[in-house]
Amino acid sequence: MGSMGVWAVAVAALLGTSGCWLAEGHKSSRRSSGDTVSVSRTSSQEPRAMEKGKADGNIDQSLSDPDGDPCRRTYCGRGRQCVLMAETGRAECVCQEKCRPSFVPVCGSDGRFYENHCEVYRTACLERRRIYVVHSKDCFFKGNACTMSEYNKLKSMLLDMQPKVLKVGEQNQQRDMEEKRALVDTMFKYLDVNQDGRLISDELEKISMKEHLEDSLLECTMQDLLRYDDYNNDGHLSLHEFYTAFQVVQLSLAEDQRISVSTVTVGLSAVLTCAIQGTLRPPVIWKRNGIILNFLDLEDINDFGDDGSLYITKVTTIHMGNYSCHAYGYEDLYQTHVLQVNVPPVILVYPETQAQEPGVSASLHCHADGIPNPKLLWLKNGMDLQPRSSKQLSLIANGSELFIGSVRYEDTGAYTCIAKNEVGVDEDISSLFVEDSAKKTLANILWREEGLSVGNMFYVFSDEGITLLQPSECEIRRHMKRTERIVATYEEMCPKGEGVSPQHCVWSSAVNIRDKYIYVTQPLQSRVLVVDIQAQKVVQAVATDPFPVKMLYDKSHDQVWVLTWGDMDKTHPTLQVIPQASVGEVHHAIRTTFQRVNDFFIPPTNLIITHVRFAFVFLKNEPAVHKIDLETLHRVKTISLKNYSCIPVSMAYTHLSGFYFIQCQTKSLLAPQQLLIDSVTDAVIGPNLNVTGQAFVSPDGRYIVTPDPQSSKLIVQTVSFQGELSLNQEIDEPVAVSDLVFQPSFTESNQHVAVATSGSGTDLLFADLSSGHTEVLRSLKQPLAPQAWPWGGPNRVLVSSGLFGQYLVTPSAESLFVLNGKQRTPHCEVSDIKRGNTIVWVGEV
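On a predicted model such as this, the values are computed, not experimentally measured, just so you know.

Here the focus is the sheet that holds strand β42 (residues 696-697). Within the open sheet, the four strands sit side by side as β42-β43-β44-β45. Their pairing is antiparallel. Pairing within the sheet leaves two strands with one partner each, and these edge strands are β42 and β45 (725-732). Bridge analysis of β42 against strand β43 (residues 703-708) gives two bridges, and the strand direction is antiparallel. Note that in β43 the partner of Val697 across the bridge is Ile704.

A few words now on helix α5 (residues 148-160). For α5, built from 13 residues, the straight-helix expectation of 18 Å at 1.5 Å per residue is met to within 8% by its first-to-last C-alpha distance of 18 Å. Looking only at α5, the buried set comprises Met148, Glu150, Tyr151, Leu154, Lys155, Leu158 and Leu159.

Turning our eyes to something else, we now look at the nonpolar core. Ranked by internal contacts, the top residues of the largest apolar core, which has 51 residues, are Trp286, Ile301 and Tyr323. Residue contributions to this core peak at five residues, all from strand β39 (residues 659-664). Those residues in contact with Ile301, other than ones at most four positions away along the chain, are Leu293, Leu310, Tyr311, Ile312, His319, Tyr323 and Val680. Ranked by size, the runner-up nonpolar core spans 33 residues in total, among them Phe103, Leu159, Tyr231 and Tyr330.

Applying the stated criterion to the full structure yields 24 salt bridges. When the shortest N-O distance is used, the salt bridge between Asp700 and Arg702 registers 3.6 Å. Of the residues examined, Asp700 reaches a relative accessible area of 6% and is grouped as buried. For Arg702, a relative accessible area of 9% gives the class buried. Residues participating in the shared-partner salt-bridge network are Lys627, Lys637 and Asp682.

Tallied over the entire structure, the rule returns nine disulfides. Between the sulfur of Cys99 and that of Cys118 lies a disulfide, 2.0 Å long from S to S. Measuring the twist about the S-S bond at about -80 degrees, one finds the Cys99-Cys118 disulfide to be left-handed. In this pair, Cys99 sits in the loop between β3 (91-95) and β4 (106-108) while Cys118 sits in helix α4 (residues 117-127), placing the two residues 19 residues apart along the sequence. One disulfide bridge connects Cys274 with Cys325, the sulfur atoms lying 2.1 Å from each other. Residues Cys274 and Cys325 are joined by a disulfide whose S-S torsion is about 85 degrees; by sign, that bridge is right-handed. Of this pair, Cys274 sits in the loop between β8 (270-272) and β9 (284-288) while Cys325 sits in strand β13 (residues 321-327), placing them 51 residues apart in sequence. The burial state of Cys274 is the same as that of Cys325; both residues are buried.

Let's shift gears to the layout of surface pockets. A probe matching the size of a water molecule, rolled over the atoms, marks out where space remains unfilled. Looking at the second largest pocket, its volume works out to about 1,000 Å³. Around the second largest pocket sit 33 residues that line it, and Asp300, Thr316, Ile318, Arg613 and Phe614 are the ones nearest its centre. Considering only residue class, the lining of the second largest pocket consists of 16 nonpolar, nine polar and eight charged.

This paragraph deals with the pairing of strand β26 (residues 510-513). A two-sided burial pattern is seen for β26, the buried positions comprising Ala510 and Asn512 on one face and Val511 and Ile513 on the other. Direction of pairing for β26 relative to strand β27 (residues 517-522): antiparallel, over a ladder of four bridges. Its bridge partner lying in β27, Val511 is registered against Tyr519. As consecutive antiparallel partners, β26 and β27 are separated by three residues, and within that stretch Arg514 has a phi angle of approximately 50 degrees, a positive value.

Right, let's talk about unusual backbone geometry for a bit. Of note, the amide linkage connecting Tyr350 to Pro351 takes the cis form, showing an omega dihedral of -10 degrees. The residue Pro351 is located in the loop between β14 (330-350) and β15 (353-356) in this model. Cis geometry is adopted by the peptide bond preceding Pro372, which originates at Ile371 and carries an omega value of -5 degrees. For Pro372, the location among the structural elements is in the loop between β16 (362-371) and β17 (375-380). We note that Ser526 has phi near 55 degrees; this positive angle belongs to a residue other than glycine. Looking at the secondary structure, you find Ser526 in the loop between β27 and β28 (527-532). Despite not being glycine, Asn750 has its phi angle at roughly 55 degrees, a positive value. Residue position: Asn750 is located in the loop between β46 (737-744) and β47 (752-758). Looking at Asn750, the relative accessible area reads 13%, which means it is buried.

Applying the stated rule across the entire model yields twelve aromatic pairs. Among the aromatic residues, those joined into a ring-pair cluster are Phe188, Phe242 and Phe246. We note Arg78 situated over the ring of Tyr121; from NZ or CZ to the ring centre the distance is 4.4 Å.

What counts, and at which threshold
- Residues numbered from 1 in each chain as written.
- Predicted model: local features only at pLDDT ≥ 70, side-chain atom pairs only at ≥ 80, totals over all residues.
- Heavy atoms only, no water.
- Pairing = 2+ DSSP bridges.
- Helix = DSSP H or I, 4+ residues; strand = E, 2+ residues; numbered from the N terminus.
- Expected span 1.5 Å × (residues − 1).
- Buried < 20%, exposed > 50% of the residue type's maximum accessible area, 1.4 Å probe, protein only.
- Core = buried A, V, L, I, M, F, W, Y, C linked by side-chain atoms within 4.5 Å.
- Contact = heavy atoms within 4.5 Å.
- Salt bridge = Lys/Arg side-chain N within 4 Å of Asp/Glu carboxyl O.
- Disulfide = S-S within 2.5 Å.
- 1 Å grid on protein atoms, 1.4 Å probe; cavity = no way out; pocket = protein on both sides within 12 Å on 5 of 7 lines; lining within 4 Å.
- Points joined across faces, edges and corners; volume = space filled by probe spheres on them.
- Nonpolar A, V, L, I, M, F, W, Y, C, P; charged D, E, K, R; others polar.
- Phe/Tyr/Trp six-rings, centres within 6.5 Å; stacked < 30°, edge-to-face > 60°.
- Lys NZ or Arg CZ within 6 Å of the ring centre and 35° of its normal.

The following block contains the structure:
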């Protein structure tokens, strides 16, 4: 028996979890019962809950009706439990009826050996005397010649006496244990002379005499088996006690518990309990995507319970997915927990207000993200809206669009879109005013004059300057010539460089800053221009290191990240940050400490994910990505890709299950596979199937589309609401993809269409991701030659007009095409726009 304690301490020490596994009935008080939401509740959790009080208490901390149960407010102490007396209805403390069966042996101050801490305090309660745990491994053997060491020698000798099975092939801990169990079974049957399933003192003594064991030099006898391992003091050893004496591990998992599906709402806490049971169960090991979690210092998964439960303190969408548990050393027997994270709906309507004249059509749009998919319904002035069968009023794409065919004065009103799913509801109002345009009401003025003049436009940066294009009318609202002056310095927007003739603008990257500013890089001028959207003027030039070529806007911290090359050969690249980008003040760039920067990546935000904490930086020729804290701009950790010989080129991210997709550098004819990184553990999972190339992720994170450069197909993968990444379909791709964007489906809610441009031809592809149906637009003229666009990124960009917009813009070498994504047709061509490959959308949609 004593050797079990040594084995337990040794293994637990090896795992670094001895405190968790050996502390039976003693749970740290830093997490109260109210901090967690039980995700996978089984009967095995109930006794555990009784041991999870403020300080080793044993109150039932179940989650049902915390205010109506008097026992919720009664603390009884260790070894006791609260019961509700039927006759009085009052809560009273009584001795604990039973302890959870677990073998974590301890010595009591009464000189007896107990199966676990709980049994010590339970016995103390029953016998009405103080018994405490004695922390000494030899406490039971004081005054006895049969020490723990001697007792172990006796058991080893008994095992050695048994006939051995010839070992064949590679052994592991589980197979060794199965062999040991067979030996102990054989020994028990041999010792159990009367075959009654019990070993008594007479049987042990007879065997000792028959085998002449008393002639050995050991200080221990067969009777010591009964003395030390008869835990219930009933005068005989059962097979279970015999297994315990010889440390035979017996594990079991009910067939109906091999897969457990659990659901928790985002922001709450979760507990996953491992259902593997058995005598002498070793510590429980938890894995996610094949990565062991127990030894990682994770922010959100930082506690493993006394019973091996996995605690997630604040669940987010990245935590969805599969978790598996098994006993240490016994990986063949494991339980899989499938965690779904539900998210209440978040809604957005467009437009918030519109004014229309009688007889024209009007559309009110509503979009909602949530898990599961929200259902949409509309109210008008607080009353249910019942669309008539006529063309006057109809709901399109499962309620995503409310279409009124010919508006009348009585259609004026507040239209409320409501989104509901299992865990919440959200709503927003879109107001419609139907009135004669001659009246020029406030609503009319606001919508027609201010809304259309400033917002809902493409800003196109070309050789000639900046063009403001209103797509529905194909109307150029303003052209800012290259000679226009910067407000702050009175310099020309595109000054003539030495030896450069004729004079033209050179741009490389632009970002929209909360519909207040546009930041755009001028690599040859080593600066970033700030365009005021309201004033439609360039108001400032921010000096940077030479050759700023790429920008990304970190909306969470209101800062712009700028990658500079130093020169055209990229010999001195740096990374700079412009803080407080949306604030109306003089802006400046701060140089970060990162050198040899090849590229960087900031995960995007959406309706559900409104805050991003980390960015990633790639260094030249280094097989690693560096994780950067966006708040402090300091490196958090380095994730090595050396084992996969991967030099990262690009990165994409989905917040569903938290997968990062890494495109690796191509050095041979065979493109290297994409790599997957798990954002929960920051560990490399491995190759993403056989997918190669750059990944593009839909705004809601549900679709991952990778144009395969070798097979001429779009590889479409999906992420389920349970975090499962799977291959959805392969779509024929007749274009060599330069850029790809996503448009919401105009016929189905929560679906997308991928739209891709060709970097070498005149075709454009529409691919419906739900059905796989494709359409090709042809003859959009030749794109810029790759050598004419030396700044990295696509040589033919594609920009969409927001969440509700139906228009897209893409340039050819000397013109600009506006496309109607809803009808999948060319809308118009704007000529005399050369090298217009830097485009930004500004508007409500």
